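For reference, the chains in residue letters:
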Amino acid sequence: MEPRTVTLHDCDFDTYICEEEIIAHITMMGEQLDKDYADKNPLFLAVLNGSFMFAADLMKRISIASEISFIRLSSYKDMQSTGTVKEILGLSEEVKGRHVVVLEDIVDTGHTVHGLLQQLEAKEPASLEVATLLLKPDCLQHDLKIRYVAKSIPNDFVVGYGLDYNGLGRNLRDIYKIVS
Ligand code: 5GP
């Protein structure tokens, strides 16, 4: 794929993962979830804003009975993780006794998912797993068990396919990485 450059605010980004590759990874993840959660009626909790596109494409590839709800929880400002964990907003479903799968756009330091899992664990789900579109393994600062990973990437700042840079870039169909 010829790199295509987009400029968002003051930064240039080159194409990195094309839509076809993203969808291929998500299709495999959907097949795995179908197998692992057959007859379990899982509750998917998609973390807004970044996971909206991933959640939509994943749900179209899930064929078992399942539910989805959207929550908010973010600790990220500009390109630096602040490390602060915020509370869960918008969770109206009963989590107790449910098989919960958190849908994240990207796991970087792991602060966000770590804090979220702690809060969800306290609500006594029957099981609790994380499915993330992207994982930066080199950045992880927590001993997190991320069961479903569409793609692992190096420590580059990426945008597109739901991920933003200060509000821009969520609409891009491919994933782009910052030009360093
Ligand atoms: P963590 O708490 O794991 O450090 O960061 C998780 C959150 O930071 C993600 O949900 C996402 O919103 C944001 N984030 C982390 N890395 C990136 C990145 O490379 N690009 C964008 N756009 N957001 C990121």
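Definitions and limits used
Residues numbered from 1 in each chain as written. Predicted model: local features only at pLDDT ≥ 70, side-chain atom pairs only at ≥ 80, totals over all residues. Heavy atoms only, no water. Helix = DSSP H or I, 4+ residues; strand = E, 2+ residues; numbered from the N terminus. Rg over C-alpha atoms; globule rule 2.2 N^0.38 Å. Buried < 20%, exposed > 50% of the residue type's maximum accessible area, 1.4 Å probe, protein only. Contact = heavy atoms within 4.5 Å. Areas by Shrake-Rupley, 256 points an atom, 1.4 Å probe, with all protein chains shown as cover. Lys, Arg positive; Asp, Glu negative; His and termini not counted. Charge placed at Lys NZ, Arg CZ, Asp CG, Glu CD. Salt bridge = Lys/Arg side-chain N within 4 Å of Asp/Glu carboxyl O. Pairing = 2+ DSSP bridges. Axes fitted to C-alpha atoms, helices over the stretch in contact; angles between N-to-C directions. Near = heavy atom within 4 Å. Polar contact = N/O pair within 3.5 Å; in protein donor to acceptor, adjacent residues only side chain to side chain. Phe/Tyr/Trp six-rings, centres within 6.5 Å; stacked < 30°, edge-to-face > 60°. Lys NZ or Arg CZ within 6 Å of the ring centre and 35° of its normal.

Draft legend 1. View of the overall build of the chain. Broken down by element type, the chain carries three helices and eleven strands. A globule of 180 residues ought to have a C-alpha radius of gyration of about 16 Å, and the chain, at 16 Å, matches this closely. Structurally, the chain occupies a C-alpha span of about 45 × 35 × 25 Å along its principal axes. Burial statistics for the chain: of 180 residues in total, 48% are counted as buried. Within the chain, counting contacts between residues at least 6 apart in sequence, those at least 24 apart form 69% of the total. Entry remark: accessible area of the chain is about 9000 Å², with carbon and sulfur atoms responsible for 48%. Side-chain charges of the chain comprise 18 positive and 28 negative groups, with the mean position of each set lying 3 Å from the other.

Draft legend 2. The pattern of salt bridges, seen in detail. Under the defined criterion, the tally for this structure stands at twelve salt bridges. One salt bridge in this structure joins R61 and D57, with 3.9 Å as the shortest N-O distance. Of the residues examined, D57 reaches a relative accessible area of 12% and is grouped as buried. Taken together, the shared-partner salt bridges in this structure form one network comprising D36, E129, K145 and R147.

Draft legend 3. Quick peek at the sheet that holds strand 7 (residues 99-107). Strand order in this open sheet of five strands is 4-3-7-8-9, and the pairing throughout is parallel. Unpaired on one side and paired on the other, strand 4 (67-72) and strand 9 (148-152) mark the two borders of the sheet. This sheet shows a mean twist of 20° between the axes of neighbouring strands, independent of strand direction. Sheet topology places strand 3 (residues 43-48) next to strand 4; six bridges connect them, and they run parallel. In the strand pairing of strand 4, L43 is matched with E67.

Draft legend 4. View of the site of the ligand. Near the ligand, the surroundings consist of 18 residues, among which T109, T112, K136, V158 and D164 are the closest. Taking G110, its main chain carries an N or O atom lying 2.8 Å from an oxygen atom of the ligand. Between the ligand and T112 there is a distance of 2.4 Å, counted from an oxygen atom to a side-chain nitrogen or oxygen. Burial of the ligand by the protein amounts to 94% of the accessible area it has alone, namely 510 Å².

Draft legend 5. Highlighting the pairing of strand 11 (residues 175-178). Alignment of strand 2 (residues 11-17) against strand 11, held across four bridges, turns out to be antiparallel. Across the sheet, the residue bridging to D14 is K177, located in strand 11. Pairing between strand 10 (residues 158-159) and strand 11: two bridges, direction antiparallel. Across the sheet, the residue bridging to V159 is Y176, located in strand 11.

Draft legend 6. Structural view of the packing of aromatic side chains. By the definition in use, this model includes three aromatic pairs. Measuring from centroid to centroid gives 5.9 Å for F13 and Y165, while their planes differ by 55°, and the two rings are tilted. Of this pair, F13 sits in strand 2 while Y165 sits in the loop between strand 10 and strand 11; the two residues are 152 residues apart in sequence, bridging distant segments of the chain. On the basis of relative accessible area, Y165 is assigned to the buried category, the value being 7%. An aromatic cluster is built from F13, F157 and Y165, whose rings are joined through pairwise contacts. Here K40 stacks its cationic end above the ring of Y37, 5.7 Å away from the centre of that ring.

Draft legend 7. Layout of unusual backbone geometry. Across the junction of L48 and N49, the peptide omega takes the value 5°, indicating a cis bond. Relative to the helices and strands, N49 resides in the loop between strand 3 and helix 2 (52-59). The phi angle at H9 is positive, at roughly 50°, despite the residue not being glycine. Judged by relative accessible area, H9 falls into the partly exposed class, the value being 45%. One non-glycine residue, N166, adopts positive backbone phi at about 45°. Along the chain, N166 turns up in the loop between strand 10 and strand 11.

Draft legend 8. Seen up close, the sheet that holds strand 1 (residues 5-8). Within the open sheet, the four strands sit side by side as 1-2-11-10. Their pairing is antiparallel. Edge strands, defined here as strands with exactly one partner in the open sheet, are strand 1 and strand 10.

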